Amino acid sequence: MAEIDQCVKMFIEYLQIEKNSSHYTIENYTRDIGEYTLFMNEQGIKSLLSVQYSDARLYLTMMYEKGLSKKTVARKTSCLRSFYKFLMREGIAGENPFALVSLPKKEQRLPRFLYEEEMNQLFQAIDQKTPLGLRDAALLELLYATGIRVSECCDIKLLDLDFSMGTVLVHGKGKKDRYVPIGSFASEALTKYIQNSRPELMSSKAKTHPYLLVNFRGDPLTARGLRYILNGVIKKAAGEGKLHPHMLRHSFATHLLNNGADLRTVQELLGHSKISSTQIYTHVTKEQLRKVYNASHPRA
């Protein structure tokens, strides 16, 4: 196992230094390879170099038997393919047992998003008379105004905000920074939070740090804490269901496109490296489709 541990350590360093992979990606890859090494132990495979194509196929079969989704199987398989590709580059492995394993086709699911009326219900459900309520309003406005990811939101520092320009500096995946407009509603909510809520939450526990969003202890807000807050908001607004942070990202992109934004602009705002990642948002509601048709077709 010492050989495997050393190879994994080298691969993770490669992801961090050369690939500039995000913390989220590195966590997933580390976990995926860890599960793979458990499989090797169960099968009595002592070395990474002893793995054959048939073993790779067996691992794929076992993942399906566990009930993993096609998306998850594809990600884990892609991780192991990249791992062996790295080992080949370093001269450690002579072949890649996952090279010929076909990745399962991902289910084409349209992203779940909230309609504008539903977003308004969420904003109205927040009680802004308390420090935590002001914080929750600022958080919701920020996520909806920018479409940023959870990790990006939690990583924002006070100095990243520029109210004079109406922008926030977002530290994206792969260490790619981008400036995103925050809009008047988010600016107002953030100003109220920074002036009236954040100092109180910080001073109560004598905390000092540069991060914008804080929890009730004054510590930087975590991804888990962020999800907990959003679920609390939707319970107040609708009484049931969960509000996944990515639904706000989906809503951001969908509403922009439905109101006339072009795909390239939305791609840049979302921080997508490929336009294909943004194209999933080109779906529109039937109502919007009918409006465009009636306004554009000469015989509508």
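None of these values were measured; they are calculated from a predicted model. (Residues numbered from 1 in each chain as written. Predicted model: local features only at pLDDT ≥ 70, side-chain atom pairs only at ≥ 80, totals over all residues. Heavy atoms only, no water.)

A. Structural detail: the sheet that holds strand E1 (residues 161–162). Pairing is antiparallel across the open sheet formed by 3 strands, whose spatial order is E1-E2-E3. Looking at the sheet topology across the chains shown, the edges are occupied by E1 and strand E3 (177–181). (Pairing = 2+ DSSP bridges. Helix = DSSP H or I, 4+ residues; strand = E, 2+ residues; numbered from the N terminus.)

B. Highlighting the side chain of His-209. With respect to the helices, strands and loops of the structure, His-209 is situated in the loop between helix H8 (183–203) and helix H9 (223–237). Among the polar contacts made by the side chain of His-209, one reaches the main-chain carbonyl oxygen of Gly-218 at a distance of 2.7 Å. In contact with His-209, not counting residues within four places along its chain, are Arg-198, Met-202, Val-214, Gly-218, Asp-219 and Pro-220. (Polar contact = N/O pair within 3.5 Å; in protein donor to acceptor, adjacent residues only side chain to side chain. Contact = heavy atoms within 4.5 Å.)

C. Representation of the pairing of E3 within the structure. Burial along E3 is one-sided: the face carrying Arg-178 and Val-180 is buried and the face carrying Asp-177, Tyr-179 and Pro-181 is not. Turn length for the strand E2 (residues 167–171)-E3 hairpin, with the two strands adjacent in sequence and antiparallel, is 5 residues, and the turn residue Gly-174 shows positive phi of about 65°. (Buried < 20%, exposed > 50% of the residue type's maximum accessible area, 1.4 Å probe, protein only.)

D. How the structure looks around the packing of helix H3 (residues 53–65) against helix H4 (residues 70–89). Viewed as axis vectors pointing N to C, H3 and H4 meet at an angle of 155°, and their least axial separation amounts to 10 Å. Comparing their axes, H4 and H3 come out roughly antiparallel. Along this stretch, H3 crosses H4, giving a crossing that reads as right-handed. Side by side, H3 and H4 meet where Tyr-59, Leu-60, Met-63 and Tyr-64 of the first sit next to Val-73, Lys-76, Thr-77 and Leu-80 of the second. (Axes fitted to C-alpha atoms, helices over the stretch in contact; angles between N-to-C directions. Parallel < 35°, antiparallel > 145°, perpendicular 65-115°, else oblique. Left-handed = near helix turned anticlockwise from the far one by under 90°.)

E. Just helix H6 (residues 131–146), in detail. For H6, spanning 16 residues, the distance from its first C-alpha to its last is 23 Å, which sits close to the expected 22 Å at 1.5 Å a residue. When you tally the buried positions in H6, you get 12 out of 16 residues, the bulk of the element. Within H6 the residues assigned to the buried category are Gly-133, Leu-134, Arg-135, Asp-136, Ala-137, Ala-138, Leu-139, Leu-140, Glu-141, Leu-142, Leu-143 and Thr-146. Of the residues one or two after H6, Gly-147 is the one with positive phi, at around 70°. (Expected span 1.5 Å × (residues − 1).)

F. View of the pattern of salt bridges. Considering all chains together, one arrives at 9 salt bridges under this definition. Note that Lys-76 is salt-bridged to Asp-32, the shortest N-O span being 2.8 Å. Of this pair, Lys-76 sits in helix H4 while Asp-32 sits in helix H2 (residues 23–42), and the two are 44 residues apart along the sequence. For the pair Lys-76 and Asp-32, one class covers both residues: buried. Residue Glu-188 pairs with Lys-192 through a salt bridge whose shortest N-O separation is 3.6 Å. One end of the pair, Glu-188, and the other, Lys-192, are both in helix H8, 4 residues apart, so they sit about a helical turn from each other. (Salt bridge = Lys/Arg side-chain N within 4 Å of Asp/Glu carboxyl O.)

G. Examining the nonpolar core more closely. If you look at the biggest cluster of nonpolar residues, it comprises 46 residues, and the most contacted ones within it are Leu-142 and Leu-226. Only helix H5 (116–124), H6, helix H7 (150–154), E2, H8, H9, helix H10 (245–258) and helix H11 (263–270) provide two or more residues apiece to this core. Of all hydrophobic cores here, the second largest spans 30 residues; its members include Phe-39, Leu-80, Phe-83 and Phe-86. (Core = buried A, V, L, I, M, F, W, Y, C linked by side-chain atoms within 4.5 Å.)

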